[in-house]
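Given next are the chains, with one letter for each unit.
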There are 2 protein chains.
Amino acid sequence: MSISASSGDFEILPATDDAHGGVIIDLKEPMDSEIFVTLLRTSLSQWKKQEKCGVWIKLPTALVNLVETAVKEGFGYHHAEPNYLMLVYWIIPETSCTIPPNASHRVRVGGLVLNDNKEVLVVQEKRGIFHETGLWKIPTGIVEAGEELSAAVVREAKEETGIDTEFVELLAFRHAHNSFFGKSELYFLCMLRPLSTDIKKQDLEIDAAKWMPFEEYAARPITEPFKYEIELCLAKLERSYAGFSPRPISSYYKEELSYLYLNSHDLDKSSKSFEVFRS
Amino acid sequence: MSISASSGDFEILPATDDAHGGVIIDLKEPMDSEIFVTLLRTSLSQWKKQEKCGVWIKLPTALVNLVETAVKEGFGYHHAEPNYLMLVYWIIPETSCTIPPNASHRVRVGGLVLNDNKEVLVVQEKRGIFHETGLWKIPTGIVEAGEELSAAVVREAKEETGIDTEFVELLAFRHAHNSFFGKSELYFLCMLRPLSTDIKKQDLEIDAAKWMPFEEYAARPITEPFKYEIELCLAKLERSYAGFSPRPISSYYKEELSYLYLNSHDLDKSSKSFEVFRS
């Protein structure tokens, strides 16, 4: 298999154009670093003539031998995932670099599962900052890239406690900073309706799980940021609080639906129907 | 300056304990890769005896010569920022890896700035998918790690148009996937109140900026996902829509305040005051 592409009389690295005037080198086959540096220099000179602005190199872990070479040729790190490193080079020094930054946030969800007996589903964690405290808390977890918030919170409740639930509403969210390698975190507090009753706790992360009477849950000796969970739950129980609920909407550049979270309660009672605008 | 630490009779790499039973190697001084591999092997064997679970290596760009060595010793990429690469190694093969994933989301904000003449502040972008379409749209931009949503949207409106604004409310947010290197995106639509009137557009990213009568803004030939902006703006103008607003709350593990976004309107009219829970 050829590891380089032909461009006129000389070989350059195989690359595809991106949507913003740049090119992406996506190497998959092993390559010697001396061949790589020769091809890279020829390629960069060719792309400069073509007035390309940014050059990306995606190097799978197996091609780690080329990382040092790329950096020495002027490439910088953009981001890394377990299976690859992405490097980038801004080709036109006299223009401002418009390369978009890496992902900046981690997203967590918490599920407030309240049953008809006014009991809250709570767990004690095996690890982390609450392990030593014995704190009973609602199931929480990390939202994966590509996963919907409402699906993530239902998944986490199921994983930690074995309880099946359905998503009711997003009550509130918290924005915090410096939570993880300097990144920020968004934590979405969701209300869930239980669809089963028998708890089967997960062993890896969870020490204990149970249904706790809401009065007991609300009376625990806790401080912020947990107090608001009680207040919002109370407000919701009294039917006086409208959170955000999801509606599927289409996108401008792809087939896949995305979700819009808004105050459906208020919008639906508004004089003009939302549906009018969804022709 | 010493590049290694002493541990009994032999040298190991300088490292600090993390909060989860692991160690972090934070190299700053140049090091030969052959010295590095010897120290790394001695260190790993020492940490295994100490029953450490995860080992992190943070390599600044200047130490790119050590990347290949680390990978060959079994380390994987965790994440990268422009100035460093973070590698990680799970030291105990028989236990489940509990290393938290990298940041998964990018966060954007859009500012719906409506003045007393019922005019909306709109821009035409120089780049991106809307450039060719001539679409007039509200100012939008990326939220940086560590930046508050309400501050980010005020900053973006100011940068793109020169208009000073104050944050009123979060109207809704959109969760979309596969938007950027496989990561997900949260887009927060915010309502802003203008504090100035004279537009001074930014040249780098913006082709044009102006105040557009709301009727004209609402009548533009647009499709989803922009239609909901009009509907939410209308609902808000009729004072029938309550979005989320931010309240500062304290954290459980650090001094810094974070922000809770919730339906203040509903909560404040609730029988029990939120303040009761903020003792």
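Relevant structure appears above.
What you see is a predicted model; the values in this text were computed from it and never measured.

Caption draft 1: Summary view of the overall build of chain A. Check the secondary structure of chain A and you find six helices and 15 strands. In chain A, buried positions account for 56% of the 279 residues. By sequence separation, contacts in chain A at least 24 residues apart represent 61% of the contacts at least 6 residues apart. Approximately 12,400 Å² of chain A is accessible, and the part contributed by carbon and sulfur atoms is 51%.

Caption draft 2: Layout of the relation of the copies chain A and chain B. When chain A is brought onto chain B, the operation consists of a screw motion whose angular component is 180° and whose axial shift is 0.0 Å, with 0.1 Å RMSD remaining. With respect to symmetry, the two chain copies, as superposed, fit the operation of a two-fold axis. When the interface residues of chain A are mapped onto chain B, 100% of them again lie at the interface, so the same face is used by both copies.

Caption draft 3: Quick peek at the pattern of salt bridges. Enumeration over the complete set of coordinates arrives at 34 salt bridges over all chains. The structure contains a network of salt bridges with shared partners spanning Glu144(A), Glu147(A), Arg155(A), Glu156(A) and Glu159(A).

Caption draft 4: Expanded view of the sheet that holds strand 7 (residues 84-90) of chain B. All names here are of chain B. Reading across from one edge, 3-4-5-7-6 is the order of the five strands in this open sheet, with mixed pairing throughout. Each end of this open sheet is capped by a strand with a single partner; those strands are strand 3 (15-17) and strand 6 (76-81). Direction aside, the axes of adjacent strands within the sheet are offset by 20° on average. Where strand 6 and strand 7 come together, five bridges link them in antiparallel fashion. Bridging from a neighbouring strand, Gly76 pairs with Val88 of strand 7. Here helix 1 (residues 33-49) sits on the sheet in contact with strand 3, strand 4 (23-26), strand 5 (54-60) and strand 7, set at roughly 155° to strand 5.

Caption draft 5: Molecular detail of the pairing of strand 12 (residues 183-194) of chain A. All names here are of chain A. Across the 12 residues that make up strand 12, a large majority, 11, are buried. Two elements, strand 11 (residues 165-180) and strand 12, share 11 bridges in a ladder whose sense is antiparallel. Within strand 12, the residue paired with Glu166 across the bridge is Arg193. Here strand 11 folds back onto strand 12 in antiparallel fashion, the turn holding two residues, of which Phe181 has a positive phi close to 50°.

Caption draft 6: Looking closely at the pairing of strand 12 (residues 183-194) of chain B. With nine bridges joining them, strand 8 (residues 105-113) of chain B and strand 12 of chain B adopt parallel strand pairing. Across the sheet, the residue bridging to Val109(B) is Phe188(B), located in strand 12 of chain B.

Caption draft 7: Up close: the interface of chain A and chain B. Taken together, the contact between chain A and chain B spans 97 residues of the former and 97 residues of the latter. There are two salt bridges connecting chain A and chain B. For Lys183(B), the salt bridge goes to Glu81(A), with nearest N and O atoms at 2.5 Å. At the junction of chain A with chain B, the criterion picks out 23 residue pairs in polar contact (both at pLDDT 80 or more). Split into classes, the residues belonging to the side of chain A that touches chain B amount to 51 nonpolar, 26 polar and 20 charged.

Caption draft 8: Layout of unusual backbone geometry. Residue and element names in this part refer to chain A. The phi dihedral of Lys118 is positive, around 55°, even though this residue is not glycine. Assignment of secondary structure puts Lys118 in the loop between strand 8 (105-113) and strand 9 (119-125). For Lys118, a relative accessible area of 42% gives the class partly exposed.

Caption draft 9: Representation of helix 1 (residues 33-49) of chain A. Residue and element names in this part refer to chain A. Compared with an ideal rise of 1.5 Å per residue, which puts 17 residues at 24 Å, helix 1 spans 24 Å between its outermost C-alpha atoms and is within 8% of the ideal. For helix 1, the complete set of buried residues consists of Phe36, Val37, Leu39, Leu40, Ser43, Leu44, Gln46 and Trp47. Taking the backbone nitrogen of Glu34 as reference, a side-chain oxygen 2.8 Å away marks Asp32 as the first, capping residue of helix 1. Where helix 1 terminates, the next one or two residues include Glu51, which has phi positive at roughly 60°.

Cut-offs and rules
Residues numbered from 1 in each chain as written. Chains lettered and ligands numbered in written order. Predicted model: local features only at pLDDT ≥ 70, side-chain atom pairs only at ≥ 80, totals over all residues. Heavy atoms only, no water. Helix = DSSP H or I, 4+ residues; strand = E, 2+ residues; numbered from the N terminus. Buried < 20%, exposed > 50% of the residue type's maximum accessible area, 1.4 Å probe, protein only. Contact = heavy atoms within 4.5 Å. Areas by Shrake-Rupley, 256 points an atom, 1.4 Å probe, with all protein chains shown as cover. Least-squares fit on C-alpha atoms with pLDDT ≥ 70 in both. Salt bridge = Lys/Arg side-chain N within 4 Å of Asp/Glu carboxyl O. Pairing = 2+ DSSP bridges. Axes fitted to C-alpha atoms, helices over the stretch in contact; angles between N-to-C directions. Polar contact = N/O pair within 3.5 Å; in protein donor to acceptor, adjacent residues only side chain to side chain. Nonpolar A, V, L, I, M, F, W, Y, C, P; charged D, E, K, R; others polar. Expected span 1.5 Å × (residues − 1).

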